Amino acid sequence: MAAITSVVDLAMDGDVAVITIDSPPVNALSADVRDGLDGAFRAIAANPALKAAVLVCAGRTFIAGADISEFGKPPRGASLHAVQDAMEESAVPVVAAIHGTALGGGLEVALCAHYRVSDAKAKFGLPEVKLGLLPGAGGTQRLPRVVGAKKALEMVTSGAQMGAKDALAAGLVDEIVEGDLTAGAIAFARRIVAEGRPLKKVRDDTSKLGGDAAALAPMFADFRQSHARAFKGFDAPEANIKCIEAAVALPFEEGMKVERSEFMKLMSGLQATAQRHVFFAERQAAKIDGLDPKTELLPVKSVGIIGAGTMGGGIAMNFLSVGIPVTIVETKQEALDRGVAVIRRNYENSAKKGRFSMEEVEARMGRLTPTLALEDLKDADLIIEAVFENMDIKKDIFGKLDTIARPGAILASNTSYLNVDEIAASTTRPESVVGTHFFSPANVMRLLEVVRGARTSPQVLATAMATGKAIGKIGVVSGVCHGFIGNRMLGARQEQANKLILEGARPADVDRVLTDFGFPMGPFQMADLAGLDIGWSAETSKGVTVRDRLCEAGLRGQKNGKGFYDYDADRNRTPSPVAEAIILDYAAEKGINRRSIDDQEILERCLYPMVNEGAKILDEGMAQRASDVDIVWINGYGWPVYRGGPMFWAEHDAGRDTIAAALERMGMDVSPKLKSGW
Ligand code: TC6
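Residues numbered from 1 in each chain as written. Predicted model: local features only at pLDDT ≥ 70, side-chain atom pairs only at ≥ 80, totals over all residues. Heavy atoms only, no water.

Participant: How do you make sense of the overall build of the protein chain when you look at a structure like this?
Facilitator: Of the regular secondary structure elements, the protein chain holds 27 helices and 20 strands. In terms of overall dimensions, the protein chain is globule-like: its C-alpha atoms have a radius of gyration of 28 Å, near the 26 Å expected for 678 residues. By principal-axis analysis of the C-alpha atoms, the protein chain measures approximately 90 × 60 × 50 Å. In the protein chain, which comprises 678 residues, the share counted as buried stands at 54%. Taking as baseline every contact in the protein chain between residues at least 6 positions apart, the subset at least 24 positions apart corresponds to 71%. As displayed, the protein chain has an accessible area near 28,900 Å², and 53% of this comes from carbon and sulfur atoms. Both charge centroids of the protein chain, one from 78 positive and one from 87 negative side chains, sit 1 Å from each other. (Helix = DSSP H or I, 4+ residues; strand = E, 2+ residues; numbered from the N terminus. Rg over C-alpha atoms; globule rule 2.2 N^0.38 Å. Buried < 20%, exposed > 50% of the residue type's maximum accessible area, 1.4 Å probe, protein only. Contact = heavy atoms within 4.5 Å. Areas by Shrake-Rupley, 256 points an atom, 1.4 Å probe, with all protein chains shown as cover. Lys, Arg positive; Asp, Glu negative; His and termini not counted. Charge placed at Lys NZ, Arg CZ, Asp CG, Glu CD.)

The structure is reproduced here in structure tokens:
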């Protein structure tokens, strides 16, 4: 084998050249890889004895894309387009041999090979849209020429991956290789040479596009319309659509020009920077300060859950879905039955939507053991308490668990606000206690705040994070403080939202400003959805808050069709005149002078204090890093991903200084880190 660069080798198998990329972790197209490929194709072109070339990757995957860490930096090394041209123009057939995931630039390179083979587990996709980009290495022009404009449109705007079987059916791969991939690819190359098959260039074949521009115009129009809501606020999907339209309407080279110009626009925009930040922030969140990455994990082969309500049931589903048995405990049979029925119904609904089979529903339900006896948790590896948010109840449960749970079991609380150290102190084993704060619906939402108590052991913390990953969550470590990272910041926003509606803004104005910003819903829509009477009861109501008054007037939110909004049978909402009258009366009673409040003030007053709270969380070391705060808000509270999270937004968009100055004008106590940076 001859090393072309430290990460690319060129070897000869008789008259077949084998190029191997070995650039861990994911063989991304770094400058070194591009230089290596450039050198390899030059060497191949200069060797007249060769009959074919195979491109293969070592390690866990084929090229997983451009090297994202190079984006936004000065260009270095051979250009990807030049490498692709050399490959496509090669005088001998080039076969790409694909395993793992051929993503982004990786798939775009493979599309310049004359043939593609893969193993049966390989996956193919153009996920650039998730980075606020489009496949800028010919992907928008070549993919539709292979799988058709419609399928390509779906793939580039969703970033969804295609499995090997579908790829074979679509013509994206020519053969699925059983056994050793490199050997299979070499044999395939020899076969096409022997059969005298042509040098297929994807760029030259328009037969699979599915029609010309006029014929496909209605398809594009429908696609835009049916995805308008999902794409709202994002720049990249529309740019991707335009490029696929260009692939249909224009000759290849012209289409490439459109791709280039749309790519450059996206690349220089803030959204791509924000989405790239989120990509790395997600991976960074898994790293725990001060913890040896080799910390041995505890086994989590069985889980106990206390509470079969909305949270407990949703949490249970996460484990059942990945094959981990769950024992779920309630105090009353009716509540237990109700909880189990909800889990079953959720699974059945998914099965009806075709996500999995009815047998799978039974398999998942078969892993669930409902019980009224806390003692049944004695063998569980991990026990998660998900009961009413009340310290005395939680302490009582943890005291009992201390006597029941096996030594070494992890005792977790799903508390969303309470002091995990105080809960831990009700046991004789605080090192085994950790917070695992799930977000509702717990089977859907990706965020998991893992709350590190003062005495939580490194093993327990590492296992909680790893368990989160195993059930498909993004774990973020938080210290112990009221509301942890997410709810503590939400509190700062809610306080302002509540003041704004008394000072003159309408609930619908506050909601509109925040949904225009990119949140899926505003604070008052959220309150209505959650139920205005959470934690409220007629017996104890003191009538001191607007919310008390709304509840006293029978407004409960979406559940009874009356809240800050009135809801019709289809859940269409209109601002509630009753709620408005209550707010006006309340403001008058408190002597608040109402005034007109513009959208900018609403935005600033809702978001700046939130950022300030995030910065205070960093001041106190409650979050490990600013990007963790961003991940919490993106995955738990619907902060628009294209704005990168509150701390990214403060740093790169709104401006820390601007925010600090505005907060000072509001008379608020400004975090030192907000002034100095984090
Ligand atoms: C593109 O191609 C544009 C083309 C236009 C050209 C002009 N670059 O996710 P994992 C790192 S855009 C640099 O934990 P997995 C990652 O940060 C790109 N680094 O592993 C992590 O580093 P750490 C289109 C990358 O097995 C490590 O690799 N491609 C890249 O769970 C392991 O990653 C994509 O968007 C990269 N492209 O999943 C694909 N990819 O260990 C992005 C990963 O220091 N990648 N790293 O924290 C993925 O989706 C997944 O990484 C995966 C592997 C499915 C390949």
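There's more to say after this.
Participant: I tried to follow the packing of aromatic side chains on my own but got confused; where do I start?
Facilitator: Centre distance and the angle of the planes are the two values used to describe a pair of aromatic rings. This structure, assessed with the given rule, holds 16 aromatic pairs. Aromatic side chains Tyr115 and Phe188 sit 5.8 Å apart centroid to centroid with 65° between the ring planes, which places their arrangement in the edge-to-face category. Separated by 73 residues along the polypeptide, Tyr115 in strand β7 (residues 115-118) and Phe188 in helix α7 (residues 181-194) bring together distant segments of the chain. One exposure class covers both Tyr115 and Phe188, and it is buried. When the ring of Phe517 is compared with that of Trp649, the centres are 5.5 Å apart and the planes differ by 90°; the resulting orientation is edge-to-face. One end of the pair, Phe517, is in helix α19 (residues 507-517); the other, Trp649, is in helix α25 (residues 646-654), and 132 residues separate them in sequence. A residue is classified by how much of its surface remains accessible, and Trp649, at 5% relative accessible area, is buried. The structure contains a cluster of three or more aromatic residues connected by ring pairs, namely Phe439, Phe517, Phe519, Tyr608, Trp633, Tyr637, Trp639 and Trp649. The ring of Phe519 has Arg493 lying over it, and the distance from NZ or CZ to the ring centre is 5.0 Å. (Phe/Tyr/Trp six-rings, centres within 6.5 Å; stacked < 30°, edge-to-face > 60°. Lys NZ or Arg CZ within 6 Å of the ring centre and 35° of its normal.)

Participant: What is the right way to read helix α8 (residues 213-231) from this model?
Facilitator: Each full turn of the α-helix corresponds to 3.6 residues, which orients residues three or four apart in the same direction. Across its 19 residues, α8 extends only 23 Å between first and last C-alpha, which sits more than 12% below the 27 Å expected from 1.5 Å per residue. For α8, the principal kink sits at Gln225 and spans about 35°. Those residues of α8 not exposed but buried are Leu216, Met219, Phe220, Phe223 and Phe231. Against α5 (149-158) and α9 (236-249) lie the buried residues of α8. (Expected span 1.5 Å × (residues − 1). Bend = angle between axes of the 7 residues up to and from the residue.)

Participant: Got a minute to help me understand the domain arrangement of the protein chain in this structure?
Facilitator: Accessible area lost when the parts come together is the quantity often used to give the size of an interface. Domain annotation of the protein chain identifies domain 1 (2-266), domain 2 (303-484) and domain 3 (532-589). Measuring from the centre of the C-alpha atoms in domain 2 to the corresponding centre in domain 3 gives 32 Å. (Domains from an automatic or database assignment.)

Participant: Explain the pattern of salt bridges to me, please; I cannot follow it from the model alone.
Facilitator: Two side chains that carry opposite charge are able to pair once their charged atoms sit near each other. The tally for this structure, following the rule as stated, stands at 48 salt bridges. Notably, a salt bridge pairs Asp381 with Arg406, separated by 2.8 Å at the nearest N-O pair. Taken together, the residues Asp381 in the loop between β13 (368-371) and β14 (382-385) and Arg406 in the loop between α15 (391-404) and β15 (410-413) connect sequence positions 25 residues apart. By relative accessible area, which is 9% here, Asp381 ends up buried. Accessibility expressed as a relative area gives 25% for Arg406, which makes it partly exposed. When the shortest N-O distance is used, the salt bridge between Arg429 and Asp402 registers 2.9 Å. Note that Arg429 is positioned in the loop between α16 (420-424) and β16 (433-438) and Asp402 in helix α15, a separation of 27 residues in sequence. Assigned by exposure class, Arg429 and Asp402 land together as buried. (Salt bridge = Lys/Arg side-chain N within 4 Å of Asp/Glu carboxyl O.)

Participant: Teacher, can you tell me more about the sheet that holds strand β11 (residues 303-306) here?
Facilitator: The strands making up a sheet associate through hydrogen bonds between their backbones, and the pairing can be parallel or antiparallel. Taken in spatial order, the 8 strands line up as β13-β12-β11-β14-β15-β16-β17-β18 in an open sheet, and their pairing is mixed. Strands at the two margins of the open sheet, each flanked by one partner only, are β13 and β18 (474-478). Each adjacent strand pair in this sheet contributes to an overall mean axis angle of 25°, direction not counted. When β15 meets β16, the two strands line up parallel, connected through 3 bridges. Across the sheet, the residue bridging to Ala412 is Val434, located in β16. Strands β14, β15, β16, β17 (447-451) and β18 of the sheet are contacted by helix α17 (residues 458-470), whose axis makes an angle of about 175° with β17. (Pairing = 2+ DSSP bridges. Axes fitted to C-alpha atoms, helices over the stretch in contact; angles between N-to-C directions.)

Participant: Quick question: what am I supposed to make of helix α18 (residues 486-503) here?
Facilitator: Taking 1.5 Å as the rise per residue, α18 with 18 residues should run 26 Å; its terminal C-alpha atoms sit 26 Å apart, in good agreement. Burial of α18 is extensive: 13 of the 18 residues sit out of reach of the surface. Two residues or fewer past α18, Gly504 is found with a positive phi of approximately 145°.

Participant: How do you make sense of the sheet that holds strand β6 (residues 101-103) when you look at a structure like this?
Facilitator: Spatially, 3 strands are ordered β6-β8-β9 in an open sheet, and the strand pairing comes out mixed. The sheet terminates laterally at β6 and β9 (162-163), the two strands that pair on one side only. Where β6 and strand β8 (residues 123-125) come together, 3 bridges link them in parallel fashion. Within β8, the residue paired with Thr101 across the bridge is Lys123.

Participant: Hey, could you run me through the site of the ligand in this one?
Facilitator: Around the ligand sit 24 residues in total, of which Arg60, Ala66, Gly105, Arg283 and Lys287 are the nearest. Lys287 is positioned with one of its side-chain polar atoms (N or O) 2.8 Å from an oxygen atom of the ligand. Of all the secondary structure elements, the ones that give two or more residues to the shell around the ligand are β6, α3 (105-110) and α11 (270-285). With 3 residues, the single largest contributor to the shell around the ligand is α11. (Near = heavy atom within 4 Å. Polar contact = N/O pair within 3.5 Å; in protein donor to acceptor, adjacent residues only side chain to side chain.)

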